[in-house]
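This is what each chain is made of:
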Amino acid sequence: MTLRTPLCDVLGIEVPILQSGMGGVAGPELVAEVSKAGGLGILAGLELSPDKIREGIRAVRRLTDRPFGVNLWLHTEMRPPLDMTTIPEGQVRAVQDVLNGFRQRLGLPTTQARPASLPDVIDAGIEVILEERVPVFSIALGDPGADLVRRCHARGTKVIAMIGSVDDARTVAAGGVDALVAQGTEAGGHRSSWVRKPSRDDGAISTIALIPQVVDAVRIPVIAAGGIADGRGLVAALALGAQGVMLGTRFVATRESAVPEFRKKAVLEAESDATTITQSVTGLWARYLRNTFVADYDASGAPVLPALVQSHAAGDIFRDAARRQDPGWLPMATGQSAGLIRDVPGAGEVVASIVREARAVLDVLARVPR
């Protein structure tokens, strides 16, 4: 039985498996291995300078001639970057008070300084993607709009965008994107909304409920994301009407993943109930492994700063934790599929095993009496 779907023809890939463009994870080596195996590897571009994005694109092309993508955020608080002077002083003080308590526990210098502005690099990164004629532009947390989609198509670049609700699916599809990634709440990392949600439960829709609703609402290929790590998940997504799957957490625990070994080990040891949705890390709702930083910040009741400004404010804590290889203080974006992951294979092996498992499941289903 074949696993090829119309999505494969749209993106120029062999099997309907995409690797999420996760920041700090998806470097050229991971991207190239996924693409060489027949899927679509996606390079992380979040907060990278235009030169770094171009360097990554060319590194992928040295490793493979297969299609690949580049991922950028288009969140409304980042394009253009928020003016730091608009953040109330009391909000900054409340955040730094909690972070200073952490710094004292860790032996780090305290500060009450206002975080620096985010780099204004998104539009320049888009220009690099267009100039380099990247096969696929992958958009997280944002609506590209019809004008940008037309510019991409003029350069031969396909556009896929991630959404987390039926309303957002309709909005993005109206702009002419080539495919949608419908992300269920089981997924690791950030919730796919470009508007700040008031609570973790607002718009929290599981993959199995979200996918068929989005499929019914739009007339373009839908890619399922959230809680998928093996061939059974791929078959389930196809049964719900999706034409492919996007995996993030499964590819964190691969040999080509850019994360350190202790980070991969944390995924292997985690069960699905080890994750939680918090805004304490970046200021936006995202699913992370529950650890000391997340638990203690959430328990403090302190506010958070705007998108990614929060993570910049806590950057010294995170860098110190990474240096010490301390999973208690280093945020680790992880989905509920962690409970399915128990090894660290090559990324190409992951693609091959998912295809093999999916075909085995389909063979079994084909023998079910009607």
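Scroll up to find the structure.
None of the values given here were measured: they were computed from a predicted structure.

Reading guide: rules and limits
- Residues numbered from 1 in each chain as written.
- Predicted model: local features only at pLDDT ≥ 70, side-chain atom pairs only at ≥ 80, totals over all residues.
- Heavy atoms only, no water.
- Helix = DSSP H or I, 4+ residues; strand = E, 2+ residues; numbered from the N terminus.
- Buried < 20%, exposed > 50% of the residue type's maximum accessible area, 1.4 Å probe, protein only.
- Pairing = 2+ DSSP bridges.
- Expected span 1.5 Å × (residues − 1).
- Contact = heavy atoms within 4.5 Å.
- Axes fitted to C-alpha atoms, helices over the stretch in contact; angles between N-to-C directions.
- Left-handed = near helix turned anticlockwise from the far one by under 90°.
- Nonpolar A, V, L, I, M, F, W, Y, C, P; charged D, E, K, R; others polar.

**Notes on unusual backbone geometry**
Then, number 1: For the bond running from Arg-79 to Pro-80, omega is 5 degrees, close enough to zero to count as cis.
Then, number 2: With respect to the element layout, Pro-80 can be found in the loop between strand 3 (68-73) and helix 4 (89-106).
Then, number 3: With a phi angle near 50 degrees, Arg-133 is a residue other than glycine that sits in the positive phi range.
Then, number 4: Position of Arg-133 among the secondary structure elements: in the loop between helix 5 (122-131) and strand 4 (136-140).
Then, number 5: A positive phi angle, close to 50 degrees, is found at Leu-141, a residue other than glycine.
Then, number 6: Relative to the helices and strands, Leu-141 resides in the loop between strand 4 and helix 6 (145-154).
Then, number 7: For Leu-141, a relative accessible area of 3% gives the class buried.

**With respect to the pairing of strand 8 (residues 222-225)**
Then, number 1: Both faces of strand 8 are covered, namely the face carrying Val-222 and Ala-224 and the face carrying Ile-223 and Ala-225.
Then, number 2: Where strand 6 (residues 179-183) meets strand 8, 4 bridges bridge the pair, whose relative direction is parallel. Bridging from a neighbouring strand, Ala-182 pairs with Ala-224 of strand 8.
Then, number 3: Sheet topology note: the strand 8/strand 9 (residues 244-247) ladder contains 3 bridges and is parallel. What sits directly across from Ala-224, in strand 9, is Val-245.

**Some remarks on helix 15 (residues 347-366)**
It helps to recall that an α-helix has 3.6 residues per turn; residues three or four apart then point in one direction.
Then, number 1: Between its terminal C-alpha atoms helix 15 stretches 29 Å, which fits the 28 Å expected from 20 residues at 1.5 Å a residue.
Then, number 2: Listed as buried for helix 15 are Ala-347, Gly-348, Val-350, Val-351, Ser-353, Ile-354, Val-355, Ala-358 and Leu-362.
Then, number 3: Summarising the contacts, the buried residues of helix 15 are in contact with strand 1 (17-19), helix 2 (28-36), helix 9 (231-239), strand 9 and helix 10 (249-252).

**Considerations on the packing of helix 7 (residues 166-174) against helix 8 (residues 207-217)**
Then, number 1: The contact between helix 7 and helix 8 brings their axes to 9 Å, and the two run at 35 degrees. The handedness of the crossing between helix 7 and helix 8 is right-handed. Counted together, Val-166, Ala-169 and Arg-170 of helix 7 and Leu-210, Gln-213, Val-214 and Ala-217 of helix 8 form the full contact between these two elements.
Then, number 2: Of the residues that constitute the contact of helix 7 with helix 8, the class distribution is 5 nonpolar, 1 polar and 1 charged.

**Description of the sheet that holds strand 7 (residues 189-190)**
Then, number 1: Read across the open sheet, the 3 strands follow the order 7-11-10; overall the sheet is antiparallel. In this open sheet, the two edge strands, each paired with only one partner strand, are strand 7 and strand 10 (275-278).
Then, number 2: Of the pairings in the sheet, the one linking strand 10 to strand 11 (residues 286-289) comprises 4 bridges and is antiparallel in character. Its bridge partner lying in strand 11, Thr-275 is registered against Leu-289.

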